[in-house]
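An overview of the molecular structure
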Amino acid sequence: MSKKTSEHQPKLLLRKALPDDVPQLAELTGRVYSPEWGHSTEMLRSQQTHFPEGQFVVEYEGRLAGYCATFRIDEATALAPHTWEQITGGGMASRHKADGDWLYGMEVVVHPDFRGMRIGQRLYQARKRLCTDLKLRGIVFGGRIPGLAKNLQRYGSPEGYVQAVVEGKRRDLTLSFQLNNDFKLIGLLRAYVPSDYESLGYAAHLIWRNPRLLDHPDMPSTPSPQRLPDSVRVASVQYQQRRITSFEEFATQVEYFTDIAADYNADFVTFPELITLQLLSIENTELSPGESIRKLSHYTPQVKELFSRLAVHYNINIIGGTHPTEQDNGDIHNVCYVCLRDGSIHEREKLHPTPSERDVWNITGGESAATIQTDCGPIGVMICYDSEFPEVARHLVDQGALILFVPFCTDVREGYLRVRYCSQARAIENQCYVVLSGNVGNLPGVNNFDIQYGQSCILTPSDFPFARDGIAADSTPNIETVLFAELRLESLARARNAGSVQNLKDRRFDLYQTRWYPNPH
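Worth saying up front: this structure is predicted, and the values here are computed from it rather than measured. (Residues numbered from 1 in each chain as written. Predicted model: local features only at pLDDT ≥ 70, side-chain atom pairs only at ≥ 80, totals over all residues. Heavy atoms only, no water.)

1. Overview of the overall build of the chain
When helices and strands are tallied, the chain shows 15 helices and 20 strands. A compact globule built from 521 residues should have a C-alpha radius of gyration of about 24 Å, and the chain, at 25 Å, falls within 12% of that. Its C-alpha atoms give the chain principal-axis dimensions of about 75 × 60 × 45 Å. The buried share among the 521 residues of the chain stands at 55%. Contacts in the chain between residues at least 24 apart in sequence constitute 71% of all its contacts with a sequence separation of at least 6. When the accessible surface of the chain is summed, it comes to about 22900 Å², and 50% of that surface belongs to carbon and sulfur atoms. Distance between charge centroids for the chain: 4 Å, based on 54 positive and 63 negative side chains. (Helix = DSSP H or I, 4+ residues; strand = E, 2+ residues; numbered from the N terminus. Rg over C-alpha atoms; globule rule 2.2 N^0.38 Å. Buried < 20%, exposed > 50% of the residue type's maximum accessible area, 1.4 Å probe, protein only. Contact = heavy atoms within 4.5 Å. Areas by Shrake-Rupley, 256 points an atom, 1.4 Å probe, with all protein chains shown as cover. Lys, Arg positive; Asp, Glu negative; His and termini not counted. Charge placed at Lys NZ, Arg CZ, Asp CG, Glu CD.)

2. Details of helix H10 (residues 289-296)
Residues of H10 that are buried include every one of Ser292, Ile293 and Leu296, and no others. For H10, the arc enclosing every buried residue in end-on projection is 95°, short of the 170-degree limit, so these residues lie on one face. Residues of H10 that are buried in the fold lie against helix H11 (300-313), strand S11 (323-326), strand S12 (332-339) and helix H12 (355-361). (Arc of directions from axis to C-beta.)

3. Describing empty space enclosed by the protein
Scanning all chains against the criterion turns up one cavity of 30 Å³ or more. The space that makes up the largest cavity amounts to roughly 60 Å³. Taken together, Arg348, Glu349, Leu351, Ser368, Ala369, Ala370, Val381, Asp386, Val392 and Leu396 make up the full set of residues lining the largest cavity. Along the lines of polarity and charge, the residues of the lining of the largest cavity split into six nonpolar, one polar and three charged. (1 Å grid on protein atoms, 1.4 Å probe; cavity = no way out; pocket = protein on both sides within 12 Å on 5 of 7 lines; lining within 4 Å. Points joined across faces, edges and corners; volume = space filled by probe spheres on them. Nonpolar A, V, L, I, M, F, W, Y, C, P; charged D, E, K, R; others polar.)

4. A word on the sheet that holds strand S4 (residues 102-110)
Read across the open sheet, the seven strands follow the order S1-S2-S3-S4-S5-S7-S6; overall the sheet is mixed. Unpaired on one side and paired on the other, strand S1 (12-16) and strand S6 (184-189) mark the two borders of the sheet. Within this sheet the neighbouring strands show an average axis-to-axis angle of 25°, counted without direction. Here helix H5 (residues 119-133) sits on the sheet in contact with S1, strand S2 (55-60), strand S3 (63-73), S4, strand S5 (138-143) and strand S7 (203-209), set at roughly 160° to S4. (Pairing = 2+ DSSP bridges. Axes fitted to C-alpha atoms, helices over the stretch in contact; angles between N-to-C directions.)

5. What to know about the packing of aromatic side chains
Tallied over the full model, the rule gives 18 aromatic pairs. Centre to centre, the rings of Tyr239 and Phe257 are 6.0 Å apart; their planes meet at 65°, and the pair counts as edge-to-face. In this pair, Tyr239 sits in strand S8 (residues 231-241) while Phe257 sits in helix H9 (residues 247-263), placing the two residues 18 residues apart along the sequence. The two residues Tyr239 and Phe257 agree in class, both being buried. Relative to Tyr299, the ring of Phe247 has its centre 6.0 Å away and its plane inclined at 10°; by these criteria the two rings are stacked. Here Phe247 is found in helix H9, whereas its partner Tyr299 is found in the loop between H10 and H11, with 52 residues between them in sequence. (Phe/Tyr/Trp six-rings, centres within 6.5 Å; stacked < 30°, edge-to-face > 60°.)

6. Points about the pattern of salt bridges
Within this structure, the stated rule accounts for 28 salt bridges. The residue Glu198 makes a salt bridge to Arg144 at a minimum N-O spacing of 2.8 Å. On the criterion of sequence distance, the pair formed by Glu198 in the loop between S6 and S7 and Arg144 in the loop between S5 and helix H6 (148-155) is long-range, its members being 54 residues apart. Residue classification places Glu198 among the partly exposed residues on the basis of a relative accessible area of 43%. The closest approach of N and O atoms between Arg190 and Glu159, which form a salt bridge, is 3.8 Å. Of the two residues, Arg190 is situated in the loop between S6 and S7 and Glu159 in helix H7 (residues 158-166); the sequence distance between them amounts to 31 residues. Residue classification places Glu159 among the partly exposed positions, given a relative accessible area of 42%. The network of salt bridges with common partners includes Arg15, Asp21 and Glu59. (Salt bridge = Lys/Arg side-chain N within 4 Å of Asp/Glu carboxyl O.)

Here's what the structure looks like:
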């Protein structure tokens, strides 16, 4: 299959700020605040000079969409009462201490044109990664309270208003966001920014403590550009097939579930195999199965654009089920489009079409199974029937995959159980997580897609660090729903290195091996 290399280039890039960014950053902060209160070029250069690794920008299609500035500081200074001018050295980050054990968050700004894309969330995640990588005690800062001035009379005091927000009785645009990102209130800072009239000059004194300071085994070495997170939250959509009248209706349903997964802070959301067969219900003409699949392939550009746009907008990695796609040579492959939240698109093909797919739809198999590097570590995709071939999962795990995603589509319980039992075996023998997502419902009049049987689930190895029965989450069969599970990556490290059984270590390479041919033809 020919690939467009441009699709593999991220549209959205989170990176360290560079000296060349300074003019744009001065313009950005001036636009968010005002030309008077924005950061000067001298301030921005000083921040990079004192602590270059602590300044981050988010770039979207060549434009700066957001910026955050940090520096290191000692605990006594960070936790004592202070103002923004005092703690930041007038915005210069001149109070930076190279041996400081806390990270101070002095600024986060998001360009108005890019609000709603979770830019702020990405910047806070970058801060947390920096804090954990440097093994600092945590992050501390003064956070705005923009709802204070309007609600002071109702609550009687700044303390009363803030306590109502902490208890969930009141929502504050900024403080509620900080609390939802695991920051804890330790007090109020008076006259923190006197010109912040919405906050009456006050700020919430907030901290986030580094969980990695606890005894914590490292993950096995994997080809990841950054340290892996402690845990990964995954969502699996058990998707109900129903008749639709337009592509826009399909897009609305997909966006609904993506939004839900993002609201629950999932890192991944996966959709079922052949989810786009729903689009065939738009057609009013009677088509043969082969003609139907070829007709469906015409939607390929729209499908890719939809999943890629949602991944960036909702800040979530999407395993977009599968979509039959016509190749340059006229063959039809069953393709999973994996759209990451940095805007890049990756294609993974089903290797093993079922007899029905071959005979009815003329689908042919792909030829490669490579992992995909994500911000949560390497992942692999096995499409339905592929899960019943242990060589595929072993090949992906040998490349470093920690989580395997299995979009599936089965019509009867017997077929579903083949996928379920084999996926559970793959999780055990490879000491990895396996996430299944299937269709339910039916599409009368769509050839070879009449009925569905599905019970999506999230599977684990079977050992003490994991859920009982090796099932992190399970669904009710044939009911549309979304599953969530928090998957701890360090549990995989513990199982692989010191588990009751250690399948990956105990393989007999002196007796057998699996060989993949780089060019099968």
